[in-house]
Amino acid sequence: MAAASDFNPFQAPPKGDNTFAQITDNVTRIMEAPKPPRAWYIAMGIALSMLTMFLGSITWAAWNGIGVWGNMMPVAWAFPIVNFVFWIGIGHAGTLISAVLFLFRQNWRTAINRFAEAMTIFAVMCAGVFPGVHIGRPWLPYYMMPIPNQMGMWPQYRSPLEWDIFAVSTYATVSILFWYMGMIPDFATFRDRSTSTVKRLAYGIVAMGWRGSSRQWHRYERAYLILAALATPLVLSVHSVVSFDFATAQLPGWHATIFPPYFVAGAIFGGFAMVVTLAVPARQFFGLKRIITIRHLELMNKVMIATGLLVGYAYGMEFFISWYGGSSYEGFTFVNRLFGPYSWAYWTMISCNVIFPQLFWFKNIRTNVWATLLIGMIVNVGMWFERFVIICTSLTRDFLPSSWGYYVPTKFDFMTLGGSFGLFFTLFLLFCRYLPMVAMSEVKAFSPAGGHARPHLHHGHDDAAHAHH
Amino acid sequence: MATEKGKQDAGKQPTKSAEKADGGGSSGGSSGSSGGSGGGGQGPDYTADNIRLGAAGQSMFSMAAGVGALGLAAAVGLGSMAGDGFRRFSLSYVTAFMWVLTLGLGALFWVILQNLVNAHWSIVLRRVGELIAAQAPLLAVLSLPIVVPIFMGNSSIYIWSNHEAIQHNHLLEHKAAYLNPTAFLIRFVVYFGFWTLLSRFYLNSSLAQDSSKDPKVIMGKMRASAGPAMIGFALTMTFCAIDLLMSLDPLWFSTIFGVYYLASCVLGNNSFVALVAMWLNKRGILSKSVTTEHFHDLGKMMFAFTIFWAYVGFSQFMLIWYANIPEETGWFKERFEGGWFGGWGMLSATLLFGHFVIPFFGLVSRHIKRRRPTLAFWAVWQLVMIYLDMYWLVMPTIGEHTPGPPFALVDLACAVGVLGVFIAGIALRARNLNLMPTNDPRLPKSLAFENI
Amino acid sequence: MSADHKPQAEPTAAELHGILAEYDTPDQLVSAAKQVRDAGFEKWDTYSPFPVHGIDAAMGIKMTILPWLTLGAGLTGLATAITMQWWMNAYDYPWLISGKPIWSIPANVPIMFELTVLFSAITTLVGMLMLNGLPHPSHPLDLVKRFGRVTDDKFFLLIQAADAKFDEKDTRDLIDATHPVAVESVLEDRVTPDTFPPGLIYGLIVVTCGALVPVALAVKARHSKSDKPRIHLIQDMDAQPKYKAQRENPIFADGRADREALPGTVAVGHLNEDDHFYRGRAQGGWARTFPSQVDLSEETMARGKARFGIYCTPCHGQSGLGDGMVHKRADALAQGGWIQPTNMTQEYVRLQPVGELFNTISNGVRNMPAYAAQIPPEDRWAIIMYVRALQRSQAGSLNDVPESERGSLK
């Protein structure tokens, strides 16, 4: 290990196999560096100003009432709910990478799972703000919880919105627990490499005195597996419950039985797009190119094609059944989507979600860093528009023509949407600076020198079957 | 239940022929195994393993073909005795056919998927999957009793095939652009043609790889085709399920129906492949290559897709229940006649507890997944449950005067018949072939992998 | 890694915590562990920067009970969810929502699932920490400088002196036989306390109690009555600068905000002097002609047809025969007391003057409600124009049919 003054902490170390020390170095030097790279400051400046805009627009809406937004009959549920679904969806990729890819023994996940999980937590926080503020009286959120109150009333559990409360809270809790647990060994590494007493104390407290005892690793690994196995159906359930917000209604364009898996696939799709959008600059500016490699980006792009096609399948099925079912309302809804006043949103959605990602069939595109970044951002836009199309277009023209209307968002709607990115990026940049960005212990375990490139948990009576060398 | 016993009879060898087959199998195997050469490496040495079906296949073929033919003949006989224009028989036959189709399509899906994600653990079993999937043409032939009446426009169970019946129903007239005999014929050819070509491509490529000098080239072809193949599979499977199952009640619809059928395909395939692998191992075939780890993984997939089936089924049910729109709820109302303990309602309750709750607790433990007898039990259980699921989907079409599942011998005969012929087809195709892709570059990892 | 400890003379057996061996690769650690396990030691452990493949078996670590804790917690979560939803929505305060059953089990499933997962996950993490004895603030190994690389790239094995089979020389020989990179004696740490500082514990208790104070105040406030008005954080919504119905208005002697219209006044634009147009009256009786404001054109007829379709057809049917959907449904329900809506093509209605028809629409008649509030006068006249057309359609003669069409009727 070279002296701190000898190297730029944000450039990748020299070539060679990733030995354990190099992995530790590569990630820890970000924390050890006295100052983050200049790009971090620039990004933080932008993020903080967007965050300010966010807080300002929310406060304005809380003070003056929901009327400052464009919500109006018939589109009483507009940007706030679109943004909520958008952000929750983005969070799902992190859990998928952490939990589902772990269960499938996809060891390449170790390079990206830490910051994907961080992305999940921050995305869920952004998402959670929207239901909180759009209910009109944000100082009464406890009505939604089963807390005894003076009216003797309880939450209405038949409502999908109530299911949302439980689903999103559970998801936030489990994600934080899983993320934190994963970081304990890395906090220990940071603690042992800290350059100042304050840092050592801080990391030491959250590391809980972890020293890498194998007996502790055994229980830790078991807990990791259990949490991964719990998080997998959980992530499916959360976006399914979010989809129930719409699918339980009778509104044409909302009421389709395929919504749960459709939304889950869309969430993973949009989430991976956000992961690559973050991964490309992060690896560039924090010198992580040898840990987060082109291969990782390529694999994520492949997941994007797959989930994008699942979303396309759902679009197709909705469209087919809207004709097949014979309901004139359903049929009209789809004609309206394609050719009505919001057709521009629909075609944006189709081109961003269905057409552009097909470029990833070509190997030279999916291994190209810029193309990855660009298509990732395109998909994010497309997924936002998908929720907009589903929610707003269906509401603008439903059963009775006398109820039809047109929805126009106000500048506060846009400020709240844009500002939410400010919250997300602020938290994410803080994470990059102070927390272990890469799961060092996992990357080491699955590196060539770490032993076998597969999980090692042994059950007592299987030992006889295993040949050790 | 009657059908469970039928499945056990058709699916498992009686012990005495097993003993005969063991002797035949191992002697046939030692000459056969030398056919596999390259790719051996770090894992257990499979070259000493028996990878040919041998005489065990012969006796399985005879038994399955015999039982199958008998079953079908009995079914036809019972059907004609009912004197209802083969209506009861047709419903029974559709149930059995769609049940066995989940196994064939499930295998095809599995083969495409393993190639798509470059899975290593399953290489050992891939040939088995390819052989099952290759029964697509046989399935096309087996489907004739129900599709020919549609082509002819006089199916007793698909009312939309009948031109006169459509006339007085404006919804059916609206759907006639899709639900008509000619369009169906074209789609039928597309479905089974696509599945035949695809399964043949995978099986033949895989077989060619066994003796190829550069197995990576073939591996690359199989992988590269998997993406487009999966798209085609998704569409053909969805519309086949819509055509043959959902259109039994042509006024009902559900966008998730294709996914619902897929869940049964995957669950059925994992259960069936596990049983086939166990049957082979009992006869000394692939017994060194297929390990507890593979069964554990198959068991994990069975567990996962038990949950997935319940998830899809619940989504479909709950959304329709919640919105309470009569044109959608009627389908479920039929299936809940009689409450929890009577009539169709009892079959629904059986599916909820038998297809989900009980197998969930049964398959959650790793001990159960890692022991063959217990895994086999749950595999058979779930295959029976899938049959009951198909029954639940199909049989209420029989009419309002039947308040509950009219289980009868014709159902057993159809199930046994179709499954028997299907198994016979697999045994026939597997004759003289390596039951494992011996030359796949990923084989060593598949032989040696360990589970979490 | 903690405070300096006083330099000692040769470590005596009483002060020795254990012997620590260091290795470079995981494989070395695993083979060393096997040897130590086979030698029968019990109080020993290995340390690594990541979980080493094969170490559990090499050390003879038994499967943890953690999965059982998770299972128990999951079932508790499930039971809690079922009980909570049933008790709150179906028992304590039963709510009928959109006709769903009082205890709507399908609707309760999502929360049942979520609480199962939540309870399981929290128990898994907390259980893991507790079973691992974490947080573990200090350990004698912290005094060994080399041990700092355990979270980086080195592997360690420690045999405690407290183990029954421990012998300074023999154990040392055993360790040497495993070819470690370095061996160290680890001394007991007499200086650093191995429990949390009491100040920290007290501080945490104080902070937690302090945090509960606002919650307690809120709970108390929610359950007590007060005769003071509520505190309004956001003024606009609660105190809007307008007078609402049923409120006070101090300007008026009677203090009411609800006022009647002043007698003898009419709102601007609502004089409606024209009896013919607004009331269908002319020359002391029902008007027999359409008022001059009404343009008897195709457009008016089309408008009338459209408005008739919206307002009149539910009861009177598309042809005005009195066979609308409402009638058909009421008829089918056969609950008694239903009178069929008037067939307006009958002779006595045909003979009614347009003004009387206008009055019927505006003010209702018998069971028919007044439609004046929904239909502006122009539209009412348009509807009457269409009604006349309907009436004529049922009572026409051959002469009413254009010459060119007569042939098709024969």
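All values derive from a computational prediction rather than experimental measurement.

## A short note on the overall build of chain A
Part 1: If you tally the helices and strands in chain A, you get 15 helices and zero strands.
Part 2: A compact globule built from 469 residues should have a C-alpha radius of gyration of about 23 Å, and chain A, at 24 Å, falls within 12% of that.
Part 3: Taken along the three principal axes of its C-alpha coordinates, chain A extends 75 × 45 × 45 Å.
Part 4: Buried residues in chain A amount to 56% of all 469 residues.
Part 5: Long-range pairs, those at least 24 residues apart, make up 82% of the contacts in chain A between residues at least 6 apart in sequence.

## Considerations on the overall build of chain B
Part 1: Helix and strand counts for chain B stand at 19 helices and zero strands.
Part 2: Relative to its 452 residues, chain B shows a buried fraction of 54%.
Part 3: Contacts spanning at least 24 positions in sequence make up 80% of the contacts within chain B whose residues lie at least 6 apart.

## Comments concerning the interface of chain A and chain C
Part 1: Of the residues lining the interface, 66 residues belong to chain A; the matching set on chain C comes to 67 residues.
Part 2: Every element with two or more residues in the side of chain A that touches chain C is listed here: α1 (20–32), α2 (38–64), α5 (160–193), α7 (214–247) and α15 (440–446) of chain A.
Part 3: Considering each element in turn, the side of chain A that touches chain C owes the most residues, 16 residues, to α7(A).
Part 4: For the side of chain A that touches chain C, a count of residues per class yields 29 nonpolar, 27 polar and 10 charged.

## A short note on the sheet that holds strand β3 (residues 155–160) of chain C
All names here are of chain C.
Part 1: Read across the sheet, four strands follow the order β2-β3-β1-β4 without closing on themselves; strand pairing throughout is antiparallel. One side of each edge strand has no neighbouring strand; the edge strands of this open sheet are β2 (44–47) and β4 (182–187). Taking the axes of each pair of neighbouring strands and ignoring which way they run, one obtains an average angle of 20 degrees across the sheet.
Part 2: Note that strand β1 (residues 16–23) and β4 share six bridges and pair antiparallel. Across the sheet, Gly18 pairs through a bridge with Val186, a residue of β4.
Part 3: Of the strands in this sheet, β1, β3 and β4 touch helix α5 (residues 168–177), which is tilted by about 10 degrees from β1.

## A few points about the packing of helix α3 (residues 79–103) of chain A against helix α8 (residues 259–285) of chain A
All names here are of chain A.
Part 1: Running from N to C, α3 and α8 cross one another at 80 degrees; their axes reach a closest spacing of 6 Å. Judged by the angle between their axes, α3 and α8 are roughly perpendicular. Between α3 and α8, the contacting residues are Gly89, Ile90, Gly91, His92, Ala93, Gly94 and Leu96 on the first element and Gly266, Ala267, Ile268, Gly270, Gly271, Phe272, Met274 and Val275 on the second.
Part 2: Looking at side-chain class alone, the contact of α3 with α8 contains eight nonpolar, seven polar and no charged residues.

## Considering helix α12 (residues 257–282) of chain B
Note: α-helices contain 3.6 residues per turn, so residues at a spacing of three or four share the same orientation.
Residues and elements named next belong to chain B.
Part 1: Between its terminal C-alpha atoms α12 stretches 38 Å, which fits the 38 Å expected from 26 residues at 1.5 Å a residue.
Part 2: Most of α12 is tucked away: 21 of the 26 residues are buried.
Part 3: With its phi angle positive at about 75 degrees, Gly284 sits one or two positions after the end of α12.

## A look at unusual backbone geometry
Part 1: Along the chain, A:Met73 connects to A:Pro74 via a cis peptide bond; the corresponding omega equals 0 degrees.
Part 2: Tracing the sequence through the fold places A:Pro74 in the loop between α2 and α3.
Part 3: Along the chain, C:Leu134 connects to C:Pro135 via a cis peptide bond; the corresponding omega equals -5 degrees.
Part 4: With respect to the helices and strands, the residue C:Pro135 is situated in the loop between α4 (105–131) and β3.

## Considerations on the pairing of β2(C)
Residues and elements named next belong to chain C.
Part 1: The alternating pattern of β2 places Trp44 and Thr46 on one face and Asp45 and Tyr47 on the opposite face, and all of these are buried.
Part 2: Examined bridge by bridge, β2 and β3 share four bridges and lie antiparallel to one another. The partner of Trp44 across the bridge, within β3, is Ile159.

## So, the environment of A:Pro281
Part 1: With respect to the helices, strands and loops of the structure, A:Pro281 is situated in helix α8.
Part 2: Judged by local crowding, A:Pro281 falls into the partly exposed class, with 14 C-beta atoms found within 10 Å.

## Considerations on the packing of α1(A) against α5(A)
Residues and elements named next belong to chain A.
Part 1: For the pair α1 and α5, the least separation of the axes is 10 Å and the interaxial angle reads 65 degrees. When the axes of α1 and α5 are compared, the crossing they make is right-handed. When α1 is examined against α5, the residues Thr24, Thr28, Met31 and Glu32 are found in contact with a partner set consisting of Thr189, Phe190 and Arg193.
Part 2: Residues of the contact of α1 with α5, tallied by class, amount to two nonpolar, three polar and two charged.

## Section: helix α6 (residues 198–222) of chain C
Residues and elements named next belong to chain C.
Part 1: Its 25 residues give α6 an end-to-end C-alpha distance of 36 Å, which sits within 8% of 36 Å, the value for a rise of 1.5 Å per residue.
Part 2: A maximum bend of about 25 degrees is found in α6 at Val213, where proline Pro214 lies one to four positions downstream.
Part 3: Where burial is concerned, little of α6 is hidden: zero out of the 25 residues are buried.

## Considering the confidence of the model for chain B
Residues and elements named next belong to chain B.
Part 1: Across chain B, the average pLDDT comes to 88, with 89% of residues at 70 or higher.
Part 2: Counting interchain partners and residues more than four positions distant, the pLDDT-below-50 stretch residues 1–43 has 90 contacts.
Part 3: As scored by the predictor, the complex reaches a pTM of 0.84 and an ipTM of 0.90.

## Brief notes about the confidence of the model for chain A
Part 1: On average, residues of chain A score 89 in pLDDT, and 92% of them reach the 70 mark or higher.
Part 2: Ignoring residues within four places in sequence, the model shows residues 454–469 of chain A, a span with pLDDT below 50, making 25 contacts including any to other chains.

## Quick look at the environment of A:Ile90
All names here are of chain A.
Part 1: Here Ile90 is to be found in helix α3.
Part 2: According to the C-beta neighbour criterion, Ile90 is buried, with 29 such atoms within 10 Å.
Part 3: Expressed as a C-alpha distance, the spacing of Ile90 and Met119, which sit 29 residues apart in the sequence, is 8.1 Å.
Part 4: Not counting the four nearest positions on each side in its chain, Ile90 is found in contact with Ala123, Gly270, Gly271 and Met274.

## Section: the pairing of β1(C)
Residues and elements named next belong to chain C.
Part 1: Extensive coverage of β1 is indicated by the burial of seven of its eight residues.
Part 2: By the bridge criterion, six bridges tie β1 to β3 in an arrangement that is antiparallel. For Ile19, the partnering residue across the bridge sits in β3 and is Ile159.

## What about the environment of B:Leu207?
Part 1: Within the secondary structure layout, B:Leu207 lies in helix α10 (residues 181–210).
Part 2: Spatially, the C-alpha atom of B:Leu207 lies 33 Å from that of B:Pro145, the residues being 62 residues apart in sequence.

How each quantity is defined
- Numbers given to residues run from 1 along each chain, matching the order in which its sequence is written.
- For this description, chains carry letters from A and ligands carry numbers from 1, given in the order in which they are written.
- Thresholds applied to this predicted model are a pLDDT of at least 70 for local features of residues and 80 or more for the giving and counting of side-chain atom pairs; totals over whole chains, interfaces and linings are not thresholded and use all residues.
- In DSSP terms, a helix is any run of H or I states spanning at least four residues, a strand is any run of E spanning at least two, and both are numbered starting from the N terminus.
- C-alpha atoms define the radius of gyration in this analysis, and the globule rule sets the expected value at 2.2 Å times the number of residues to the power 0.38.
- Residue burial here comes from a neighbour count, namely the number of other C-beta atoms, placed from the backbone, that lie within 10 Å of the residue's own C-beta, with 20 or more meaning buried, 12 or fewer meaning exposed, and in between meaning partly exposed.
- In this description, any two residues whose backbone-derived C-beta atoms lie within 7 Å of each other are considered to be in contact.
- Residues are grouped as follows: Ala, Val, Leu, Ile, Met, Phe, Trp, Tyr, Cys and Pro are nonpolar; Asp, Glu, Lys and Arg are charged; all remaining types, including Gly, are polar.
- Paired strands are those between which DSSP finds at least two bridges.
- Every axis in this analysis is a line fitted to C-alpha atoms, fitted for helices over the stretch in contact. Angles between the N-to-C directions lie between 0 and 180 degrees.
- Roughly parallel here means an angle under 35 degrees, roughly antiparallel means over 145, roughly perpendicular means 65 to 115, and every remaining angle is called oblique.
- Helix span is expected to be 1.5 Å times the residue number reduced by one.
- What makes a crossing left-handed is the near helix being turned counterclockwise from the far one by less than a right angle; a clockwise turn instead makes it right-handed.
- Two axes enter the bend calculation: one fitted to the seven residues ending at the residue in question, the other to the seven starting there, and the bend is the angle between them.
- The score called pLDDT rates the predictor's confidence residue by residue, from a low of 0 to a high of 100.

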